[in-house]
Amino acid sequence: RGFQDRADVFVERDQNFYYCVLEISSLRLEDEGVWNCVIESDADHGGSKTKFIFVNIGGREGPEILLKESTVVEALEGEETSLICPTSIRPRTNKDRPVCIWFSPLGRKFDIIGSQGEIYIHEKDGVSAGGTVDNGDCGVKIEEVHENHGGLWTCRVLTHYGQDLLTLEKNITLEVQPKKVPVTKPLHTGQMTFGVDIVKDQSDQIHNVFWILRRETVLTEGKTVCFAGRSKCVTSSNLKQMSVKDNKITYQMKITYDEVSQEDYDHPVVLVVEWRDTNGKDLSEHIFLKEVGSSSQRISRVVGNPMTHSLCGTGCKANGKKMLDGEVLEERNLCLLLRCDGGDVLVDRLDNCGRKGNNGDNIVFPSDFS
């Protein structure tokens, strides 16, 4: 199980008894199931021993609806949504399923799970069972949310505990948001240039800058890429230092479109900046230049680990340059076809090709390509 990001999960070794201890300070529903403990020993020449621990989550005082009070669910009008009351009940057979009933804000009653474990579908109302009934969920799924679905919904769960019949109830508020109608904005015609400022500490060493276009094409600084022969071309400037102030350096990158197409408008333009700080840590920044076809230029930035954020999928690196997983590049100067496949760069020879000088039309790898 991946729990490295969980602040409430601790793993340690008991020094006195050589126990491997797992401590979860606050259980969640997803913690239920099989946990695998693996002990690796250098004395066994890299061998390992494993044991499994099984976690079953129950209520503190018998069956419970494991839902916080004042739960709110937001849904867009016209879309599908589910309201779920998870329980601590774990049915072993269909008949062990708890009875599940829902009441709408208008007072309408919907039987979802019957006393024999049968599941009801309210086809005319577009209502059916939500969640996972065999995991004890009492849920309602609304196929198409409308304004009259908004308000307070109540789930009622009936189950046996010993000889007693328990009735459990919880409320969920459904907030219906109006669906936004897409507005088509006119595209700019003719050549367009966009500039992005990059501010870094004087001690930061920028070692790689490139654009990601249409979610799949990499454009390095000072190069041009064309999407239709020699037309619909996009050109990147080189990284240029603009000013120095208070130990901060401002750089600028520009990108120029011969003409902005609908496909350019549909996808964000991303400038990736990779640098090394004074502590020797490699970092990257994603600068999203959105809506390049409109007059309103919006920029958002994401900073993180370069290997995590710079590539989609596994990605590849060829001669120090990054390629996206699945990306194919024709390098006619070298008569090569380059393809990134799950971290590997596959190189094939181009047929009917003669080596040419660097004409700058595409992303060009140096003659000492490795």
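The following refers to the structure shown.

About the criteria used
- Residues numbered from 1 in each chain as written.
- Predicted model: local features only at pLDDT ≥ 70, side-chain atom pairs only at ≥ 80, totals over all residues.
- Heavy atoms only, no water.
- Salt bridge = Lys/Arg side-chain N within 4 Å of Asp/Glu carboxyl O.
- Buried < 20%, exposed > 50% of the residue type's maximum accessible area, 1.4 Å probe, protein only.
- Pairing = 2+ DSSP bridges.
- Helix = DSSP H or I, 4+ residues; strand = E, 2+ residues; numbered from the N terminus.
- Axes fitted to C-alpha atoms, helices over the stretch in contact; angles between N-to-C directions.
- Phe/Tyr/Trp six-rings, centres within 6.5 Å; stacked < 30°, edge-to-face > 60°.
- Lys NZ or Arg CZ within 6 Å of the ring centre and 35° of its normal.
- Disulfide = S-S within 2.5 Å.
- Patch = residues over 30% accessible without salt bridge, like charges linked within 9 Å, V, L, I, M, F, W, Y side chains within 5 Å.
- Areas by Shrake-Rupley, 256 points an atom, 1.4 Å probe, with all protein chains shown as cover.
- Lys, Arg positive; Asp, Glu negative; His and termini not counted.
- Charge placed at Lys NZ, Arg CZ, Asp CG, Glu CD.

Under the definition given, this model contains nine salt bridges. Residues K109 and D111 are paired through a salt bridge, measuring 4.0 Å at the closest nitrogen-oxygen approach. Owing to a relative accessible area of 30%, D111 belongs among the partly exposed residues under this scheme. A cluster of three or more residues bridged by salt bridges with shared partners is formed by R214, E263 and D264.

This next bit is on the sheet that holds strand β8 (residues 109–113). Where strands meet in a sheet, backbone hydrogen bonds hold them as pairs that are either parallel or antiparallel. Strand order in the open sheet formed by five strands is β5-β12-β11-β7-β8, and the pairing between neighbours is mixed. The open sheet has two edge strands with one neighbour each: β5 (71–76) and β8. The average angle at which neighbouring strand axes cross in this sheet is 25°, direction not considered. Examined bridge by bridge, strand β7 (residues 99–103) and strand β11 (residues 151–161) share five bridges and lie antiparallel to one another. Counterpart to I101 in the pairing with β11 is R156.

Our next topic: the sheet that holds strand β6 (residues 81–85). Strand order in the open sheet made by the three strands is β6-β10-β9, with antiparallel pairing throughout. Each having just a single partner strand, β6 and β9 (127–130) make up the two edges of the open sheet. Taken pair by pair, the neighbouring strands of this sheet meet at an average axis angle of 25°, ignoring direction. As paired strands, β9 and strand β10 (residues 138–142) are joined by four bridges and run antiparallel to one another. Directly across from S128, in β10, lies its bridge partner K141.

Okay, the packing of aromatic side chains next. A full pass over the atoms with the stated rule returns three aromatic pairs. These aromatic residues form a ring-pair network of at least three members: W102, F110 and W153. For the cation-ring pair, K200 lies above W275, with the distance from its terminal atom to the ring centre recorded as 4.2 Å. Cation over ring: R214 sits above F227, and NZ or CZ is 3.8 Å from the ring centre.

Only one face of strand β13 (residues 192–201) is buried, namely the one carrying M192, F194, V196, I198 and K200, since none of T193, G195, D197, V199 and D201 on the opposite face is buried. Judged from the ten bridges that link them, β13 and strand β19 (residues 248–257) form a sheet pairing that is antiparallel. Within β19, the position partnered with F194 by the bridge is I255.

Turning to unusual backbone geometry, a few remarks are in order. Even without being glycine, D246 reaches a positive phi, approximately 50°. Relative to the helices and strands, D246 is located in the loop between β18 (240–245) and β19. For D246, a relative accessible area of 65% corresponds to the exposed category.

On to the state of the cysteines. All chains considered together, the criterion is met by three disulfides. In this model C85 forms its disulfide with C155; the gap between the sulfur atoms is 2.1 Å. Around the S-S axis, the bridge from C85 to C155 shows a dihedral of about -95° and counts as left-handed. Linking C85 in strand β6 with C155 in strand β11, this pair joins segments that are 70 residues apart in sequence. On the accessibility criterion, C85 (0% relative accessible area) is buried. Given the relative accessible area of 0%, C155 is considered buried. C100 shares a disulfide with C138; S-S distance 1.9 Å. Between C100 and C138, the S-S torsion sits near 75°, and that sign places the bridge as right-handed. Placement of the pair is C100 in strand β7 and C138 in strand β10, with a sequence separation of 38 residues. Note on accessibility: C100 and C138 belong to one class, buried.

A surface patch of like charges, here negative, comprises E80, E123, E143 and E144. Structurally, the position occupied by E144 is in the loop between β10 and β11. Exposure remark for E144: the relative accessible area of 43% places this residue in the partly exposed category.

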